[in-house]
Amino acid sequence: MKKIAIELFGQLRMWDAQNIFELEQYLNSKDIAVDFFGTFWNDEYTNRILNVDKNIFKKLQLLEEPKRNTADLYKYFYSLSNSINQRKLYQAKHNTHYDFIIHSRSDLYFIMRHDADELLNNLFNLLDSNKDNPCIFICDKPRHTEENIDDKIFIGNSLGSDNLENSFDILKFNDIFRYHTSLWHAIKLCNCSLLRVPLFFHFNVLRTKFLKEYNYKPEDHNEEAFLKSIQDTSLFKDKISNL
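Residues numbered from 1 in each chain as written. Predicted model: local features only at pLDDT ≥ 70, side-chain atom pairs only at ≥ 80, totals over all residues. Heavy atoms only, no water.

## What about the overall build of the chain?
The helix and strand inventory of the chain stands at 10 helices and 9 strands. For the chain, the spread of C-alpha atoms along the three principal axes comes to 55 × 45 × 35 Å. Taking all 243 residues of the chain together, the buried fraction comes to 52%. Look at the contacts in the chain between residues 6 or more apart in sequence, and 73% of them connect residues 24 or more apart. In the structure as shown, the chain presents an accessible area of about 12500 Å², 46% of it carried by carbon and sulfur atoms. Once the 31 positive and 35 negative side-chain charges of the chain are each reduced to a mean point, those two points are 1 Å apart. (Helix = DSSP H or I, 4+ residues; strand = E, 2+ residues; numbered from the N terminus. Buried < 20%, exposed > 50% of the residue type's maximum accessible area, 1.4 Å probe, protein only. Contact = heavy atoms within 4.5 Å. Areas by Shrake-Rupley, 256 points an atom, 1.4 Å probe, with all protein chains shown as cover. Lys, Arg positive; Asp, Glu negative; His and termini not counted. Charge placed at Lys NZ, Arg CZ, Asp CG, Glu CD.)

## Examining helix H6 (residues 167-174)
Within H6, the full set of buried residues consists of Ser 167, Phe 168 and Leu 171. Summarising the axial view, the buried residues of H6 lie within an arc of 95°, below the 170-degree limit, and thus occupy one face. When the buried face of H6 is taken as reference, the exposed residues oriented beyond 90 degrees from it are Asp 169 and Phe 173. Next to the buried residues of H6 lie helix H3 (74-94) and helix H7 (182-189). Downstream of H6 by one or two residues, Asp 175 has phi in the positive range, about 55°. (Arc of directions from axis to C-beta.)

## Digging into the sheet that holds strand S4 (residues 101-104)
Strand order across the open sheet formed by 7 strands is S3-S2-S1-S4-S7-S6-S8, with mixed pairing between neighbours. If you trace the sheet from one side to the other, it starts and ends with strand S3 (57-63) and strand S8 (193-197), each paired once. Looking at each pair of strands side by side, their axes are set apart by 20° on average, direction ignored. Pairing geometry for strand S1 (residues 2-10) and strand S2 (residues 32-41), over 9 bridges, is parallel. By the bridge assignment for S2, Ile 6 is matched with Phe 36. Running over the sheet, H7 touches strand S6 (135-139), strand S7 (153-156) and S8 and is turned about 130° from S8. (Pairing = 2+ DSSP bridges. Axes fitted to C-alpha atoms, helices over the stretch in contact; angles between N-to-C directions.)

## Some details on the pairing of S4
What you see with S4 is no split at all: Ile 101 and His 103 on one side and Ile 102 and Ser 104 on the other are buried throughout. Across 4 bridges, the pairing between S1 and S4 is parallel. For Leu 8, the partnering residue across the bridge sits in S4 and is Ser 104. The sheet contact formed by S4 and S7 spans 4 bridges and is antiparallel. Pairing of His 103 across the sheet is with Phe 154, part of S7.

## A short note on the packing of aromatic side chains
For any pair of aromatic rings, the description rests on two quantities: the centre-to-centre distance and the angle between the ring planes. Across all of its chains, the model carries 20 aromatic pairs by this definition. Seen from their ring centres, Phe 37 and Tyr 98 are 6.1 Å apart, and the 85° between their planes marks the pair as edge-to-face. Of the two residues, Phe 37 is situated in strand S2 and Tyr 98 in the loop between H3 and S4; the sequence distance between them amounts to 61 residues. A single burial state applies to Phe 37 and to Tyr 98, both of which are buried. Considering the side-chain rings of Tyr 74 and Phe 168, the 5.0 Å spacing of their centres and the 80° angle between planes classify their relative orientation as edge-to-face. Highlighted residues: Tyr 74 in helix H3 and Phe 168 in helix H6, separated in sequence by 94 residues. (Phe/Tyr/Trp six-rings, centres within 6.5 Å; stacked < 30°, edge-to-face > 60°.)

## Observations regarding the nonpolar core
Counting 39 residues, the largest nonpolar core has Ile 6, Leu 23, Leu 27, Phe 100, Leu 120 and Phe 200 as the members making the most contacts within it. Here the element with the most residues in this core is helix H4 (residues 116-129); it accounts for 6 residues. Ignoring anything within four residues of it in the chain, the contact list for Leu 27 reads Ile 4, Ile 32, Val 34, Leu 120 and Phe 200. In this structure, Tyr 74, Ile 138, Leu 164 and Cys 190 belong to the second largest nonpolar core, which totals 23 residues. (Core = buried A, V, L, I, M, F, W, Y, C linked by side-chain atoms within 4.5 Å.)

What follows is the structure, encoded as structure tokens:
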């Protein structure tokens, strides 16, 4: 039986609205076991929510959020690197291998594609042909430039994901934490191959999904930043319904 890991990292948001367990159910139906790992900030919302759901994770760690106010991906890579380290320590202790690792935000909504079976098989074929090559697989949806990557979610083979453990230190040394392009630099600087492939699922940020459902558009950047800061689903919906 194949086995994969799903690493959720960064700020925990809208946990009660996410549907990542539907992704798990699909994978289980293909005889693929799933282990969850969580790396989140040690805040009131996260402690309250995960006090109930913490047992779904093989390993869970709550980090103190770095004191950094700049609009970049410093915190993203700090959390990502700690997330990878936690999973690697678990694997070493339990002598566990994962066929691939999904690295994701916690606030995504997933829809399985109609051709998911074919695309999943294609992914396993690519994994097999690159078993000695550290690889990161990203969504093939066109972006503005080659360096511009959708960093909400990506997949790595074991070698590729493990190599990214050093991404925070490498990017910090080079001072490269820019939005949308930092992941491209991290992949290259960590000696990984980047493969753009159609993923076997569609995904969307829950915040974007709710804004569309409520037909609401933030008036300016300040309001958009305020809405991004809301972690609780009910509070977010109340705010956009009353603004």
